[in-house]
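Structure assessment
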Amino acid sequence: MSKQMLCFLFLSLFITSSYAQLRQNFYKNTCPNVESIVKSAVTKKFQQTFVTAPATLRLFFHDCFVRGCDASVILANANAEKDHPDDLSLAGDGFDTVIKAKAALDNNPNCRNKISCADILALATRDVIALAGGPSYSVELGRRDGKISTMRSVQHSLPHPHFKLDQLNSMFSKHGLSQTDMIALSGAHTLGFSHCSKFKSRIYSKKGIDRTLNRQYALQLRQMCPLKVNPTIAINMDPTSPRTFDNAYYRNLQQGKGLFTSDQVLFTDTRSRPTVNQFASSNNAFNQAFVTAITKLGRVGVLTGNKGEIRRDCTRVN
């Protein structure tokens, strides 16, 4: 057997052994009401502002893709992940959701400092998806919090708006996620918003409007994003139903209304188009694939057992 194959097998066994320690009833003997307490706090936050949903979901994705699902994105220090340019657009409401849920848990003597911030973020993500009309699902628990958060860790770790299919597949496959998983997770763009700078090259270039972009939609985007637009202006990722977690994102792609190149390429590339068409025609198929994918995402690089810690304050190490 080659050295490469041995290394791959060892890595696979290591990854499997880590997430194998996750289980749905992890806190049943220490904080049996953990899910209802988190859900109550998240619901209250969601009722205050809808941004809670896309902000929390995006925070979970950015956390898991950098050093694994260890809540390192929430840590604050002089060189933190959240201060990297790729993370500066993470909305504060996502961080606040985790902090409020943590405070609610700490109000319960049985739960105080017993639940990791990584698990709180995983639970909150499930809850905001359901609150926005998406599927609810069982969340595996038992993650520990990471102690390291650096800007350098973020470099080349997150997908960019200009990515093509091969780049997307390469990045997701590093985390054990398939092309179908990637397309399903991209459907999270049915919620949320983007600043004009992220896609302006598609509507303003020497060659004119990007040919894969619906022209009428592009002209609407130009109206919302003039050349000297205020950099704080944000555009809905889903122009059809931006406040509902549904499969409209895929129907938009069929019409050339994917905001990013990395969105639209899922339909223009014939290798991924059949999956887009499947999800566009069946909200149930999308929901099932999304639950599978986000469960796999929640296992990426997890710290379990004696690794990591349970933070007393989600923003700093103990």
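Up top you'll find the structure we're talking about.
These notes cover the structure that comes with them. Because the structure is predicted, anything quoted here is derived from the model rather than measured.

Another aspect to go through is empty space enclosed by the protein. One pass over the full model with this rule turns up 1 cavity of 30 Å³ or more. Considering only enclosed or pocket space, the largest cavity measures out at about 80 Å³ in volume. If you go around the largest cavity, the residues you meet are Phe60, Ala122, Tyr137, Ser138, Val139, Glu140, Arg143, Ile294, Thr295 and Gly298. Looking at side-chain class alone, the lining of the largest cavity contains 5 nonpolar, 3 polar and 2 charged residues.

Moving on, we get to the pattern of salt bridges. In total, this model carries 14 salt bridges according to the counting rule given. Residue Lys100 pairs with Asp96 through a salt bridge whose shortest N-O separation is 2.8 Å. Note that Lys100 and Asp96 are positioned in helix α4 (residues 92–106) at a spacing of 4 residues, about one turn of the helix. Accessibility expressed as a relative area gives 36% for Lys100, which makes it partly exposed. Notably, a salt bridge pairs Arg202 with Asp210, separated by 3.1 Å at the nearest N-O pair. Ionic contacts of the salt-bridge type, sharing partners, join the residues Lys45, Asp93, Asp96 and Lys100 into one network.

What follows concerns unusual backbone geometry. Within the chain, Ala71 stands out as a residue other than glycine whose phi angle is a positive 60 degrees. Along the chain, Ala71 turns up in the loop between α3 (52–65) and α4. Exposure remark for Ala71: the relative accessible area of 0% places this residue in the buried category.

Further remarks concern the packing of aromatic side chains. A complete count under the given rule lists 12 aromatic pairs for this structure. Considering the side-chain rings of Phe65 and Phe172, the 5.0 Å spacing of their centres and the 65 degrees angle between planes classify their relative orientation as edge-to-face. Placement of Phe65 in helix α3 and of Phe172 in helix α7 (residues 165–173) is noted, with a sequence separation of 107 residues between them. Phe172 gets classed as buried once you look at its relative accessible area, which sits at 4%. Ring plane angle 85 degrees and centroid distance 4.9 Å describe the contact between Tyr249 and Tyr250, whose orientation is recorded as edge-to-face.

Rules used in this analysis
- Residues numbered from 1 in each chain as written.
- Predicted model: local features only at pLDDT ≥ 70, side-chain atom pairs only at ≥ 80, totals over all residues.
- Heavy atoms only, no water.
- 1 Å grid on protein atoms, 1.4 Å probe; cavity = no way out; pocket = protein on both sides within 12 Å on 5 of 7 lines; lining within 4 Å.
- Points joined across faces, edges and corners; volume = space filled by probe spheres on them.
- Nonpolar A, V, L, I, M, F, W, Y, C, P; charged D, E, K, R; others polar.
- Salt bridge = Lys/Arg side-chain N within 4 Å of Asp/Glu carboxyl O.
- Helix = DSSP H or I, 4+ residues; strand = E, 2+ residues; numbered from the N terminus.
- Buried < 20%, exposed > 50% of the residue type's maximum accessible area, 1.4 Å probe, protein only.
- Phe/Tyr/Trp six-rings, centres within 6.5 Å; stacked < 30°, edge-to-face > 60°.

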